[in-house]
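Structural overview
So you can see what is in the structure, the chains are spelled out below.
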Amino acid sequence: MLYTQLLDATHIPVIIFDSSMIITWASTEMARLMGYSDNDLYGKNIRILFPDTNGFKQFYQFIVHNESTGKYGEFSILHQSGISLPVLWLHVENITLSDGKKTYATIVQKINS
């Protein structure tokens, strides 16, 4: 699709996932940041990106609230190598699809320490 090609061309780490927390799309830059190949994240549960359950729970609470749209939250992310990276998640949107299911879009920004 055109929009995914455009997002990849911007070199921004973007991830889209559904209400079951299954990754439906991740930009090439997101995969690279996480240490994965282009399509390795597709179909995986987003929980694999968090170093612990508590981090995932905090992230989940952050993204399910519409009022946090457009805001940043700091939640560590787990690189495929097992290293935890501090990142900012920008909550882009909660989208309700025609079938009533939710889709979430976020952008990740690495925090340089």
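To keep things clear, this report deals only with the structure shown in the data block. Because the structure is predicted, anything quoted here is derived from the model rather than measured. (Residues numbered from 1 in each chain as written. Predicted model: local features only at pLDDT ≥ 70, side-chain atom pairs only at ≥ 80, totals over all residues. Heavy atoms only, no water.)

1. Overview of the nonpolar core
Formally: By nonpolar core is meant a set of buried Ala, Val, Leu, Ile, Met, Phe, Trp, Tyr and Cys residues that side-chain atoms within 4.5 Å join together. Think of it in three bands: residues with accessible area under 20% of the maximum for their type are buried, residues over 50% are exposed, and the middle band is partly exposed, with areas taken using a 1.4 Å probe on protein chains only. Put simply, DSSP H or I for four residues or longer makes a helix, DSSP E for two residues or longer makes a strand, and each gets a number counted from the N terminus. Here a residue-residue contact requires only that any non-hydrogen atoms of the pair lie within 4.5 Å.
Within the largest apolar cluster, 25 residues are counted, with the highest numbers of intra-cluster contacts made by Ile-15, Met-30, Ile-46, Leu-49 and Trp-89. Every element with two or more residues in this core is listed here: β1 (14-18), β2 (23-26), α2 (28-34), α3 (53-64), β6 (87-96) and β7 (102-110). Contacts of Ile-15, omitting those with residues within four sequence positions, involve Ile-23, Trp-25, Ala-26, Met-30, Ile-46, Leu-49, Trp-89, Tyr-104, Ala-105 and Thr-106.

2. Things to note about the environment of Ala-9
Within the secondary structure layout, Ala-9 lies in helix α1 (residues 2-9). For Ala-9, a relative accessible area of 53% corresponds to the exposed category. Counting along the chain gives twelve residues from Ala-9 to Met-21, while the straight-line C-alpha distance between them is 25 Å.

3. Some words on unusual backbone geometry
Of note, the phi angle at Met-21 is positive, near 70°, even though the residue is not glycine. Mapped onto the elements of the fold, Met-21 is located in the loop between β1 and β2. By relative accessible area, which is 4% here, Met-21 ends up buried.

4. With respect to α3
Here is the rule: One less than the number of residues in a helix, times 1.5 Å, gives the span that helix is expected to have. Arc definition: it is the arc formed by the directions from the helix axis to the C-beta atoms. In protein, a polar contact requires one atom able to donate a hydrogen and another able to accept it; more generally it is a pair of N or O atoms within 3.5 Å, and residues adjacent in sequence count only if both atoms are side-chain atoms.
The end-to-end C-alpha distance of α3 is 16 Å, a good match for the 16 Å that twelve residues give at a rise of 1.5 Å each. Of the residues making up α3, those classed as buried are Gly-55, Phe-56, Phe-59, Phe-62 and Ile-63. When α3 is viewed along its axis, its buried side chains cluster within an angular range of 120° and face the same direction. Every exposed residue of α3 that faces more than 90 degrees away from the buried side is listed here: Thr-53 and Lys-57. On its buried side, α3 packs onto β1, β3 (72-74), β6 and β7. For α3, the side-chain oxygen to backbone nitrogen distance between the N-cap and Asn-54 is 3.3 Å, and the N-cap itself is Asp-52.

So yeah, pure geometry; function would need other evidence.
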